[in-house]
Amino acid sequence: MDSRLEEQLNKLRLQINSKAAHQQQHAATLLAVEETIKEQHIAAEPASYFAALLTLLEQTEVGPKGLSGTIIFLLSIILPHVSATTLRGKFLAMMAVLSQSLDLETADVALLRSVISCLETMLAAQDAGSWGQPIAQGALKSLLALATDSKPKIRKRAQDAVAKLMAAPPAPAVVHPGASTTAQFVLEALSNAKNETQAAMHTLQLVKNTNMLWPEAAFSGLCEALMQLPKLNIPFITALSFQALETVFSSASESLDEDQFRDLLIAIIDLKPNTNDPLASEAWLKIIQKGYLAYAGISSESCFQSLPDLIDLIFPDIELGKPSTREVATQCVWAMIRECIPDSKLESPGVLRIVRTLTLGLSYRYRESWTLVFLLVAAMFQRLGKHSHPSMDALMTEIASMRMEPEFELKNEADAVLGAAVRAMGPEAFLSVLPLNLNADQNKNEVGRAWLLPLMKGHVRNAPLQYFVEQMLPLADGLSTRAQMFQSQSREIEAKVFGALNLQVWALFGGFCNVPSDIIESFTPEFAQRLLTELAEYPAARPSICKGLQTLLTAVHTIAHSDERQDWPLTKLQASAAEQHLAQFAPRYLSELFNVFAQSPGSGRGYVMDTITAFLTAISADEINATFVKVSALLENAIKEHKPPAAAELTDLYLEANPPPVAYTMMDLATSMAAYLDAERVQMLLHAAVLLARQSEDTSLQKKGYKAICRLAEQPPLSTARQLIEMVMSDQLIPMLIESAETVSASSRRDRLTLISSLSRNLNDNQLHFVPAMLSEAILGTKDVNERARTVAFETLLTMGRRMAQGGVIDMAAIAGGGDGPEDESMEMQRQANIEEFFKMAAAGLGAETSHMISATIAAISRILFEFHEQLSGEFTLEIMQTVLMFVTHNNREISKSSLGFVKVISVILPKEILMAHLRDIVTSILRWSHEYKNQMRLKCRHILDRLARRIGLDAVAKVTPEEHMKLIANMRKRQQRSKRSKDANATGAAAGNHGDDDDDHVDATLMATATADGKKSFGNAYEDVLYGSESELEDSDDESVAGAKGAKAKAKGTKSKLERKGAHARGQGNSAAGDFSGKGAWIKEDADGPLDFLDRSAFTHFATADPATVKARRPASAPKMRDGKLLFEDPEEEERKAKAAAAAAAAASASTGADGDAAAGEDYYLQSILSKDGYYRAPNQKIKFHKRKPGDDDDDVEMASDGEAAVPQKAPAAKRGKSNGGVAYGREYRAKKAQGDVKRGNLDPFAYVPLNPKSMKKGALNIKGNSKKGKRAHKAK
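Looking up the protein in an unreviewed UniProt entry gives the name Pre-rRNA processing protein, with the organism given as Coemansia interrupta. As stated in UniProt under Sequence similarities (unreviewed entry), the record for the protein gives "Belongs to the RRP12 family." Annotation of the protein in UniProt includes, under Subcellular location (unreviewed entry), the sentence "Nucleus".

The number of helices and strands found in the protein is 61 helices and 10 strands. The 1278 residues of the protein split such that 43% are buried. In the protein, 67% of the contacts between residues at least 6 apart in sequence involve partners at least 24 apart.

With that out of the way, let us pick up helix α50 (residues 919-927). Turning to α50, its buried residues are L919, I922, V923, S925, I926 and L927. Those residues of α50 hidden inside the fold are in contact with α47 (874-885), α48 (893-909), α49 (912-917), α51 (937-952), α52 (954-959) and α53 (966-986).

Let's shift gears to the pattern of salt bridges. Counted under the stated rule, the structure contains 33 salt bridges. Among the salt bridges present, the one from R863 reaches E867, with a minimum N-O distance of 3.5 Å. Pair noted here: R863 and E867 are both in helix α46 (residues 851-868), with a separation of four residues, about one helical turn. Of the two residues, R863 and E867, both sit in the buried class.

With that out of the way, let us pick up the side chain of E837. In this structure, E837 sits in helix α45 (residues 835-843). If we ignore the near neighbours within four places in the chain, the residues touching E837 are M804, I810, R831 and Q832.

Turning next to the nonpolar core. In terms of nonpolar packing, the biggest core is built from 333 residues, with F430 and F523 touching the most fellow members. Sorting elements by how many residues they give to this core places helix α24 (residues 411-433) first, with 12 residues. Apart from the residues within four sequence positions on either side, F430 is in contact with M396, L418, A421, V422, M425, L452 and M456.

Time to look at unusual backbone geometry. Following A171, the chain continues into P172 via a peptide bond in cis, with omega recorded as 0°. Here the residue pair H389 and P390 is connected by a cis peptide bond, since its omega of 15° sits within 30 degrees of zero. By the element assignment, P390 lies in helix α22 (residues 388-391). If you check the backbone angles, S490 has positive phi at about 60° while not being a glycine.

Moving on to the packing of aromatic side chains. Considering all chains together, one arrives at 16 aromatic pairs under this definition. On the basis of an interplanar angle of 50° and a centroid distance of 6.3 Å, the ring pair of W370 and F408 is categorised as tilted. Taken as a pair, W370 in helix α21 (residues 370-384) and F408 in the loop between α23 (393-404) and α24 lie far apart in primary sequence, 38 residues in all. Exposure class is identical for W370 and F408. Each is buried. For the pair F374 and F408, a centre-to-centre distance of 6.5 Å together with 70° between the ring planes defines the contact as edge-to-face. Taken as a pair, F374 in helix α21 and F408 in the loop between α23 and α24 lie far apart in primary sequence, 34 residues in all. For the residue pair F374 and F408, the accessibility class agrees, reading buried in each case. Following the ring pairs from residue to residue traces out a cluster consisting of Y467, F468, W506, F509, F512, F523, F527, F585, Y589 and F615. Above the ring of W284, the side-chain terminus of K272 is found at 5.4 Å from the ring centroid.

Reading the values: rules and limits
Residues numbered from 1 in each chain as written. Predicted model: local features only at pLDDT ≥ 70, side-chain atom pairs only at ≥ 80, totals over all residues. Heavy atoms only, no water. UniProt positions renumbered as here; feature names shortened; annotations may be inferred. Helix = DSSP H or I, 4+ residues; strand = E, 2+ residues; numbered from the N terminus. Buried < 20%, exposed > 50% of the residue type's maximum accessible area, 1.4 Å probe, protein only. Contact = heavy atoms within 4.5 Å. Salt bridge = Lys/Arg side-chain N within 4 Å of Asp/Glu carboxyl O. Core = buried A, V, L, I, M, F, W, Y, C linked by side-chain atoms within 4.5 Å. Phe/Tyr/Trp six-rings, centres within 6.5 Å; stacked < 30°, edge-to-face > 60°. Lys NZ or Arg CZ within 6 Å of the ring centre and 35° of its normal.

Okay, here's the thing in structure tokens:
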């Protein structure tokens, strides 16, 4: 029986104890049927269930609430798994029974949905001959009647059934035999749309959801009926008719000829709705888009004739439509520009008309849609390509002028359009329209456009290299000369500016090297020598030159050795000739690049090595071998003279400024040539690499030795290097790796593990002892501090496991011969290689003396168990689980933490039967750490219990949980209920009934774990998802509803539309919100020079998208003023009050010009209350604050009563009796009248204001500011 059917039946059987009566009836009926099948000794197959249920249904009276509803429900589950032959044989019997249940007035919703499912399955199984019978057509008519029923659930289920039936016609028919019946039903329903509006709407919904090939005889009538509906002026009918037409257009090209198609499109264009009706407008635009794309496939020439007029008709929707309508209109025009302009019309007058329409979109009328218009302009550049010059020159100039305005807000969008122009027309035509003018003459009104250089960098491709040689190189020379001139004149700023421009010109070299068509003509010996000179003498330009050369060599080599036909400017023969042309310069370039590589700092010379590797593909093997001999000799001499660098030479600061030792450089160069060497040179490289890997004085050389051996081992199987590695593996490499295990440095461990993994992949039966010899090192590598080393260690374990699973014999005596063998002579020396033996070898680490090794072993077992659990027997898996579970309660946290990770893995991958049998032991061991907060142990325990509850049920976990931990179970139950309520609130449709999928984690993990061995990323991701995947679920589950609400708000407020994301992706930005004017107003920035000229092209720079009245002004911090050499700091509050007073005075002066004297006098009293020294203002605490006054004025606050009570002045506290200073105010002459601090006023420096008094020096007498408390109180009393 099918596993899906068995799963469904299991769910039904469990409902026997349900509280719902209908669920109990379903389960009881199913169990009774199964008992009958069992008594008759019939196999429990879908056909057996079908026969038993059909017999029972024939004997049962059909009624809305009887047993027949339960039987039909069970049949709807069983029928999809019954063979088509059986269903065709019982078609008449099923139709006779089901027809009795189609009484729409008495049948309930659940019964009708089950009947619809049965009808769908029975009709889908019929062949073309059966569809000719009246009973099949009658059943289809019943489905169509249900598809327009007033009950939404029945209607949706019937529409889905009809859509599935019509989309899958029986072979060999192309059009479904029931399509004519469906079309006739639709036409009859639409003909009476004016009187039966509701039925017409349901019918249109059916047509919209049914993607089928309509019969040719009914297609024209259907389209005509759909086009008549908008004339009824019913909004929903209009929108649905357009949406239905959009679906019908999918089969229009097969049903109509060119003339009929054109007439249909003209009729639809005449039905264009009002722009202010977004629902109808968007549906109409989608029809036009789909229709014109289909029309272009029929006749591209005829389609293009009406395209300019159509774009003119649609463009007002981009200007005046709602935000969603503007996006749909832009998508429609974008698709037509890309698909409906044939190659033969790229220079036609029609294209010029479209360009003029796009130019109109740059006017201020379209300000809110400029982002969308820019997207259309970029699409036009991409479609026209080279033909965009000169037809789009004026449009490009206009965009560049807008881009140069200081306050233009869409600079990124404009840069994207100009970048598309560079790609389309090429740099030569682009710069002829928009010259750089780096030496612009102000007298001639020339505009400098240095900002185009970085813009062009990422968009130049397939351009002639000759243009760079003839135009850009002289420009770079001129800029370099001017930079040197300014440098000699000590004008550092100008020198840096022109030096940066020079580098920006050189940065374009990589784009000109991206598959140029004139390599042989342009890459002359003179130009090659110039590049060599720049490499040697101009270090700042080296990255750009090396990147360009690497791009050129890689592209030519790819085209020359590729059999795929792509749209490249070079053919395969031309690419081969260009590669041979470049090969003649390779020796000179390699020599210079070797020198540059040796002289460059180690941290910044990777691009030089990449360029060397690219040149190695262009020269012959003999030249490479000859070069390797020279490098090998230099390497041998360098190693003899090499001394390990001191600690000061290993710092980042030193490495960034100085080249590494010569031995390092020579070894890197020798390794780069490993793939091209012959047998003799490979032997030389391997000998040197083994010597370096054995030594332990210099860890960097040791690392490079392992890397060189790994490079040789990873060559293709039939290569010279790989064959030599296989020859020396048993005699040289394996003993070397075993002997050097104690001397390997931490920095070399990753490369060593990579080498072990590469060698383990290709072990023969006589070399399997290498696996147990290296296994402990791979296990320890899983705990390395370097993340990459840990990843390689896990991959090494998997590689070893796959090799052991292939079988063979392990000679344990070979390990003993290597010096690290077992001491027990009675140990079996010959073992069969299999996956269980590999687990036994790994499990030996559990007996280690150190907790670090035990923890690493548990982590390794977790990983390989996750990978190979399906290849192990149940007993062996159980033995591994019981062994590791003993370490969960270990007192060492490192061991217990790894053990909890193991429990998390087995809770996902092991069968539920094994988990249920040992659930008590698992839960008890987990709860040992449920009160531990260190290392998040408590959270890990909760997460594992949550995983177990999802696999086997929370009730099962609760049964084995001790009483003292039941609060945790109660909390988990609340979380589950809260999560279920949240999902039910946010779910749509069928997701409501899938709560019982307990094995989702198990299925997903199994699928990912059984992937192919080549998918390295999927292995790591699957294991990490299980081990670390949902730790945050428990942390965030308390706030799921809050987070969901916040996410909904964020989506409603800040989520971009699909079209805007598309535009942002095209320009390389994911979250740029600049220029999103949708739904915003505009404010004019007044100019002091005079009224704003709206006809000026720069008028848009005087508009703001934010209301100045609602946006708080960002005033820069005012700089302190200078007076007599002192700094005077302004009081922000005082300045704000002054500004308000000045504004009030200005308003009063304006009002007084047209008012009488009494009104003016009244206003003067108000101003006096604000501006005078007795003026006041209300503070936030509802107090009246008086303005600051001169020293000596009364400064008391008056607290205002809130309920009309009299204001009572607050008396100052009386001064404490005691010795006073006789009324002398020390430092009074330094007190400022307006500022908050003190001033000098031409006197001596105020070093001290208060004379020192011995009494003031008592403990606690001074505050932080140095003033005595006594003096402070006396000052307040004054």
